[in-house]
Amino acid sequence: LPSGAWTHTGPRILGVASVAIHPTQPAVKLIASADGIVRTPDDGQSWRKTTGWNVGDVRAIVFDSGNTDLLYAATMWGPLRSADGGQNWTPTRQGLDRLYCQTLVADRAQSGRVLLGMEHGLYTSTDAALTWERIEFPDATVTQLVQSSLQPSLFLAATLGHGTWNSSDGGKTWSLIDPIEANLYAATLAPHDAALMATGGWETGV
């Protein structure tokens with residue numbers, strides 16, 4: 001609120017993990033939660049759950065960089081895809097040999113390209129998440145994957161027990177930049193300086 005106070009809005013759902021806001025229509029918002037995905041078309045005046053009873057543990061939602069009708073979601077039961085602005089969702093698993101995932105990025109430099117962090121590495125899609133192909137990356141659980149807003153070719157990945165990794169060629173190849181063995185759950189790249197980055201994790205801090 002303008003006064004600085006907070007007020008409750010939206011449905012009473014469990015375990016909110018992230019929020020996605022439409023790039024050009026900010027009244028359209030989607031919430032990733034333990035209960036599935038809920039969507040508002042009118043800035044929170046009304047909400048609708050857009051996933052079925054069989055979808056839970058949704059961790060992240062992203063809009064495609066070139067087509068806002070396309071959205072992608074990471075869940076602990078596999079990735080999802082929407083072709084109608086998040087109103088309906090379908091599983092998209094072709095090319096995956098496991099399902100657990102909790103982070104993904106829609107490449108800002110290439111519409112239809114998506115990078116997906118899995119329990120044993122990274123996968124990529126170049127056909128708007130219809131099919132997936134594994135990227136050369138350690139057999140490690142990727143918990144957070146981010147792309148630089150200043151330098152789209154720069155990506156950062158945090159893992160469980162296998163350190164922090166970055167890529168300077170759009171996610172094609174990766175280098176270990178921090179070999180810490182702690183479980184990392186957060187990663188970010190500064191919006192004003194592509195060289196400034198941070199990760200954080202359990203019992204290790206930032």
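Coordinates for the structure precede this section.
Just so it is clear, the structure is predicted and the values come from calculations on it, not from any experiment. (Residues numbered from 1 in each chain as written. Predicted model: local features only at pLDDT ≥ 70, side-chain atom pairs only at ≥ 80, totals over all residues. Heavy atoms only, no water.)

Along its length, the protein carries zero helices and 18 strands. Against the globule reference of 17 Å for 206 residues, the protein gives a C-alpha radius of gyration of 17 Å, in line with a compact fold. Judged by the C-alpha coordinates and their principal axes, the protein covers about 45 × 45 × 30 Å. Among the 206 residues that make up the protein, the fraction classed as buried is 46%. Restricting the contact set of the protein to residue pairs at least 6 apart, pairs at least 24 apart contribute 36%. Taken as a whole, the protein presents about 10,400 Å² of accessible surface, with 52% of it coming from carbon and sulfur. One way to put it: in the protein the 13 positive side-chain charges average out to a point 7 Å from where the 19 negative ones average out. (Helix = DSSP H or I, 4+ residues; strand = E, 2+ residues; numbered from the N terminus. Rg over C-alpha atoms; globule rule 2.2 N^0.38 Å. Buried < 20%, exposed > 50% of the residue type's maximum accessible area, 1.4 Å probe, protein only. Contact = heavy atoms within 4.5 Å. Areas by Shrake-Rupley, 256 points an atom, 1.4 Å probe, with all protein chains shown as cover. Lys, Arg positive; Asp, Glu negative; His and termini not counted. Charge placed at Lys NZ, Arg CZ, Asp CG, Glu CD.)

Our next topic: unusual backbone geometry. Positive phi outside glycine occurs at D57, with the angle close to 55°. As for its position among the elements, D57 is in the loop between strand 4 (48-49) and strand 5 (58-63). Here D57 falls in the partly exposed class, since its relative accessible area comes to 27%.

Among the nonpolar cores identified, the biggest contains 16 residues, and Y72, L96, L104, L116, M118, Y123 and W132 are the most heavily contacted of them. Elements supplying a minimum of two residues to this core: strand 5, strand 6 (71-75), strand 9 (101-106) and strand 10 (114-118). Counting 12 residues, the second-largest nonpolar core is a separate cluster that includes L30, I37, V58 and F63. (Core = buried A, V, L, I, M, F, W, Y, C linked by side-chain atoms within 4.5 Å.)

Secondary-structure assignment places Q147 in strand 13 (residues 142-147). When its relative accessible area of 9% is taken as the criterion, Q147 is described as buried. Sequence-wise, Q147 and T188 are 41 residues apart; in three dimensions their C-alpha atoms are separated by 8.4 Å. Q147 has contacts with V105, A106, D107, R108, A109, P152, L154, F155 and L189, leaving out every residue within four places of it along the chain. At a separation of 3.1 Å, a polar atom in the side chain of Q147 contacts the main-chain amide nitrogen of R108. (Polar contact = N/O pair within 3.5 Å; in protein donor to acceptor, adjacent residues only side chain to side chain.)

Right, let's talk about the sheet that holds strand 12 (residues 133-134) for a bit. Spatially, 9-10-11-12 is the arrangement adopted by the four strands of the open sheet, whose pairing is antiparallel. Each edge of the open sheet is held by one strand with a lone partner, namely strand 9 and strand 12. Here strand 10 pairs with strand 11 (residues 121-125) via five bridges, running antiparallel. Within strand 11, the position partnered with G117 by the bridge is L122. (Pairing = 2+ DSSP bridges.)

What follows covers the sheet that holds strand 7 (residues 80-82). If you trace the four strands from one edge of the open sheet to the other, you get 5-6-7-8, paired in antiparallel fashion. Each edge of the open sheet carries a strand with a single partner, namely strand 5 and strand 8 (90-91). The sheet contact formed by strand 6 and strand 7 spans three bridges and is antiparallel. Paired with L71 across the strands is S82, a residue of strand 7.

Turning next to the side chain of H120. Within the secondary structure layout, H120 lies in the loop between strand 10 and strand 11. In terms of polar contacts, H120 uses its side chain to reach the side chain of D97, at 3.0 Å. Polar contacts involving the side chain of H120 include one to the side chain of Y123, which spans 3.5 Å.

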